[in-house]
Amino acid sequence: MTGRKFLSVLIFAALSVALSPVLAAQSNEADFKEIQAYRLTMPAFKQVMAATRNLLTGIKNDPRFQRLEQLEAEVEELEDKSDRTAAESDRLDKLKDEIRSIEASVRVLGAAAAAESLSDIDAAAQKDPMMAAAFKSAGISARDYAKFMGAYLQATMIENLRKSGTLKELPKNVNLDNVRFVAEHQAEFEQFIDELEALEKKEP
């Protein structure tokens, strides 16, 4: 996996870190109920936006990823050579070893995205200084970030079904306040997604 591709995978992991409790709800009913009970608010939304910006910026500016870019460029140059010397082949092996070492050091982001509980997400976020700083600076914990995103996902699914006419009657356990929040602030969220896409494409 190239350094740039690995970076994109980790950006996706950072954004999907909040969705795993929802997807694992069948095996973690307590977390599912906690997410259902969570109420979406604009102050929390602003904290989530700030935390996500921090995560993406942190990943792109992290010296580990910048080093990956340098290593990948040199690896590509050496691999394109059909007449590599023995010294260059040794250099290529060492570069690939360093790449694997850096990738291993940042896999905590992937671990956070694969977590199966809110507590696991919090624990994984605390293990990486960049992630911990991203949440702290935004004034929100990884757990509350996950709850917001999970509640937003649930409410968005209900709202989309309602708007399409597929859902004739809202389920009894639906948080109506959250469904209303999604309907009222859809434009802000779409604008935020556009901002994130632009930030992901922007060179560090």
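This is a predicted model, so every value here is computed, not measured. Residue positions are counted from 1 within each chain, in the order its sequence is given. The predicted origin of the model limits local features to residues at a pLDDT of at least 70 and limits the giving and counting of side-chain atom pairs to 80 or more, whereas totals for whole chains, interfaces and linings rest on all residues. Hydrogen atoms and water are omitted, and side-chain values are computed over all heavy atoms in the structure.

> For this particular structure, what's the right way to read the nonpolar core?
We call a set of buried residues a nonpolar core when its members are Ala, Val, Leu, Ile, Met, Phe, Trp, Tyr or Cys and they connect through side-chain atoms within 4.5 Å of each other. Residue burial is assigned from relative accessible area. The probe radius is 1.4 Å, only protein chains are included, and a residue is buried under 20% of its type maximum, exposed over 50%, and partly exposed in between. Counting 45 residues, the largest nonpolar core has L40, F135, Y145 and F148 as its most contacted members. By the criteria applied, helices consist of DSSP H or I runs no shorter than four residues and strands consist of E runs no shorter than two, each listed in order from the N terminus. For this core, the secondary-structure elements that each account for two or more residues are helix 4 (42-61), helix 5 (63-79), helix 6 (86-105), helix 8 (118-127), helix 9 (129-138), helix 10 (142-164), helix 11 (176-184) and helix 12 (186-201). Looking at this core element by element, the count peaks at 9 residues for helix 10.

> What am I meant to see in the packing of aromatic side chains here?
The way to describe two aromatic rings as a pair is by their centre distance and the angle between their planes. A pair of Phe, Tyr and Trp rings is counted when the ring centres sit within 6.5 Å of each other, with Trp represented by its six-membered ring. The angle between the planes then sorts it: under 30 degrees is stacked, over 60 is edge-to-face, the rest tilted. Applying the stated criterion across every chain, the model contains 10 aromatic pairs. Between Y38 and F148, the aromatic rings sit 6.3 Å apart at their centres with planes inclined by 80 degrees, giving edge-to-face as the arrangement. Pair noted here: Y38 is in the loop between helix 3 (29-37) and helix 4 and F148 is in helix 10, with a separation of 110 residues, a long-range link. The exposure classification of Y38 matches that of F148, with both residues buried. Among the aromatic residues, those joined into a cluster by ring pairs are Y38, F45, F148, Y152, F181, F189 and F192.

> What's the story with the confidence of the model for the chain in this structure? I'm lost.
Caution is warranted with low-pLDDT regions, since their predicted coordinates should not be read in detail. You can read pLDDT as the predictor saying how much it trusts each residue, on a scale of 0 to 100. Residue-level pLDDT values for the chain average 78, and 78% of them are 70 or greater. For the chain, helix 1 (residues 3-16) is the element with the lowest average pLDDT, namely 46, and helix 11 is the one with the highest, namely 92. The contact definition used throughout considers only heavy atoms, calling two residues in contact when any of these lie within 4.5 Å. Low pLDDT, under 50, characterises residues 1-26; the predicted model gives this stretch 63 contacts beyond four residues in sequence or across chains.

> Can you walk me through the pattern of salt bridges in this structure?
Two side chains with opposite charge may pair up if their charged atoms get near one another. Criterion for a salt bridge: a side-chain nitrogen of Lys or Arg within 4 Å of a carboxyl oxygen of Asp or Glu. Considering all chains together, one arrives at 11 salt bridges under this definition. Where K147 meets E34, a salt bridge forms, and the shortest distance between an N and an O atom there is 3.1 Å. Taken as a pair, K147 in helix 10 and E34 in helix 3 lie far apart in primary sequence, 113 residues in all. Residue K147 is classed as buried on the basis of its relative accessible area of 12%. The exposure class of E34 is partly exposed, given its relative accessible area of 25%.

> Explanation requested: the environment of L170 in the structure shown.
Mapped onto the secondary structure, L170 falls in the loop between helix 10 and helix 11. In the structure, L170 is positioned 12 residues away from I158 in sequence and 7.7 Å away in space, judged by C-alpha atoms. Not counting residues up to four positions away in its chain, the partners in contact with L170 are I158 and L176.

> Teacher, can you tell me more about the packing of helix 4 against helix 9 here?
For any two helices packed against each other, one specifies the crossing angle of their axes together with the interaxial distance. At a minimum axis separation of 8 Å, helix 4 and helix 9 run at an interaxial angle of 150 degrees. Classed by the angle they form, the pair helix 4 and helix 9 counts as roughly antiparallel. For the crossing formed where helix 4 meets helix 9, the hand is right-handed. Taken together, the residues of helix 9 that come into contact with helix 4 (itself represented by Q47, A50, A51, N54, L55, G58 and I59) are M130, M131, A134, F135, S137 and A138. Polar here means any residue other than Ala, Val, Leu, Ile, Met, Phe, Trp, Tyr, Cys and Pro, which are nonpolar, and Asp, Glu, Lys and Arg, which are charged; Gly is therefore polar. Each residue belonging to the contact of helix 4 with helix 9 can be placed in one class, and the counts come to 9 nonpolar, 4 polar and no charged. Every angle, taken between N-to-C directions, lies between 0 and 180 degrees, and every axis is a line fitted to C-alpha atoms, over only the stretch in contact when it is a helix. Working rule for angles: under 35 degrees goes down as roughly parallel, over 145 as roughly antiparallel, 65 to 115 as roughly perpendicular, anything else as oblique. Here a crossing is called left-handed whenever its near helix is offset anticlockwise from the far helix by less than a right angle, and right-handed whenever the offset is clockwise.

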